[in-house]
Amino acid sequence: TQVEEYEKEMAAAQLLKEERMKLAANSIDENNVVFLSAEMDLIEGKSIFRENCATCHGELGGGGAGPNLTDEYWIHGGGIKNVFKTVKYGYIQKGMAPWQDKLTPLQIQKVSSYVLSLQGTNPPDALPPAGEKWIEGADATSAGKIDSTAVSADTVAVK
């Protein structure tokens, strides 16, 4: 019948949509990543953070073996592009493991967005600021310092 044919076409279209979404999720990188503000994305990012990052950065992001993630200071640059890049590639020499082989690009985007959502939360016993103060949208020439880890379309670090 027409209804059955319609239902078959809709099911096939749904499968195609899911395949496209998987491909799109896997094509996220430090050049095209965007901050995710949807509540479900941040909840998933929080779960990923607790499973993988809390050991070094604390349950609330205030730091431990790793730096405090709740203030405006960043060792490798703030903003979604730099945080994504730090999570993806890590900084082995500073103890930050690369997560690109353990997390999908979409998971890295979600956990990076969650990390950025922690700014200003002021957890108890947080470590003092480390790195350079990050001002979103600051102009490199007026800031006086260009962050060497910055990715195009990201912002710059300033003291």
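What counts as what
- Residues numbered from 1 in each chain as written.
- Predicted model: local features only at pLDDT ≥ 70, side-chain atom pairs only at ≥ 80, totals over all residues.
- Heavy atoms only, no water.
- Phe/Tyr/Trp six-rings, centres within 6.5 Å; stacked < 30°, edge-to-face > 60°.
- Lys NZ or Arg CZ within 6 Å of the ring centre and 35° of its normal.
- Core = buried A, V, L, I, M, F, W, Y, C linked by side-chain atoms within 4.5 Å.
- Buried < 20%, exposed > 50% of the residue type's maximum accessible area, 1.4 Å probe, protein only.
- Helix = DSSP H or I, 4+ residues; strand = E, 2+ residues; numbered from the N terminus.
- Contact = heavy atoms within 4.5 Å.
- Axes fitted to C-alpha atoms, helices over the stretch in contact; angles between N-to-C directions.
- Parallel < 35°, antiparallel > 145°, perpendicular 65-115°, else oblique.
- Nonpolar A, V, L, I, M, F, W, Y, C, P; charged D, E, K, R; others polar.
- Expected span 1.5 Å × (residues − 1).
- Salt bridge = Lys/Arg side-chain N within 4 Å of Asp/Glu carboxyl O.

### So, the packing of aromatic side chains
- Considering all chains together, one arrives at 1 aromatic pair under this definition.
- Taking NZ or CZ as reference, Lys102 lies 5.7 Å from the ring centre of Trp99, over its face.

### Points about the nonpolar core
- With 23 residues, the main nonpolar core has Phe49, Trp74, Val83, Val87, Val111 and Val115 as its most contacted residues.
- For this core, the secondary structure elements donating two or more residues are α2 (39–52), α4 (79–89) and α5 (105–117).
- Top contributing element to this core by residue count: α5, with 5 residues.
- In contact with Val111, not counting residues within four places along its chain, are Gly45, Ile48, Phe49, Cys53 and Val87.

### Topic: the packing of α2 against α5
- Where α2 contacts α5, the two axes come as close as 7 Å, and the packing angle between them is 95°. Viewed along their axes, α2 and α5 adopt a mutual orientation that is roughly perpendicular. Side by side, α2 and α5 meet where Asp41, Leu42, Glu44, Gly45, Lys46, Ile48 and Phe49 of the first sit next to Gln107, Lys110, Val111, Ser113, Tyr114, Val115 and Ser117 of the second.
- Along the lines of polarity and charge, the residues of the contact of α2 with α5 split into 6 nonpolar, 4 polar and 4 charged.

### Details of α5
- In a regular helix each residue adds 1.5 Å, so 13 residues correspond to 18 Å; α5 covers 18 Å between its end C-alpha atoms and thus fits that length.
- Across the 13 residues that make up α5, a large majority, 10, are buried.
- All buried positions along α5 are accounted for by Pro105, Ile108, Gln109, Lys110, Val111, Ser112, Ser113, Tyr114, Val115 and Leu116.

### Some words on the pattern of salt bridges
- Within this structure, the stated rule accounts for 5 salt bridges.
- A salt bridge links Lys133 to Glu72; the shortest N-O distance between them is 3.6 Å. With Lys133 in strand β2 (residues 132–135) and Glu72 in the loop between α3 (54–57) and β1 (73–74), this residue pair connects regions lying 61 residues apart in the sequence.
- One salt-bridge network, held together by shared partners, links Asp41, Glu44 and Lys110.

### Some words on the environment of Ile28
- Among the secondary structure elements, Ile28 is positioned in the loop between α1 (2–26) and α2.
- For Ile28, a relative accessible area of 13% translates into the label buried.
- The spatial distance from the C-alpha of Ile28 to the C-alpha of Phe84 is 9.8 Å, given a sequence separation of 56 residues.
- Ignoring any residue separated from it by four or fewer positions in sequence, one finds Ile28 in contact with Val33, Phe84, Pro105, Leu106 and Gln109.

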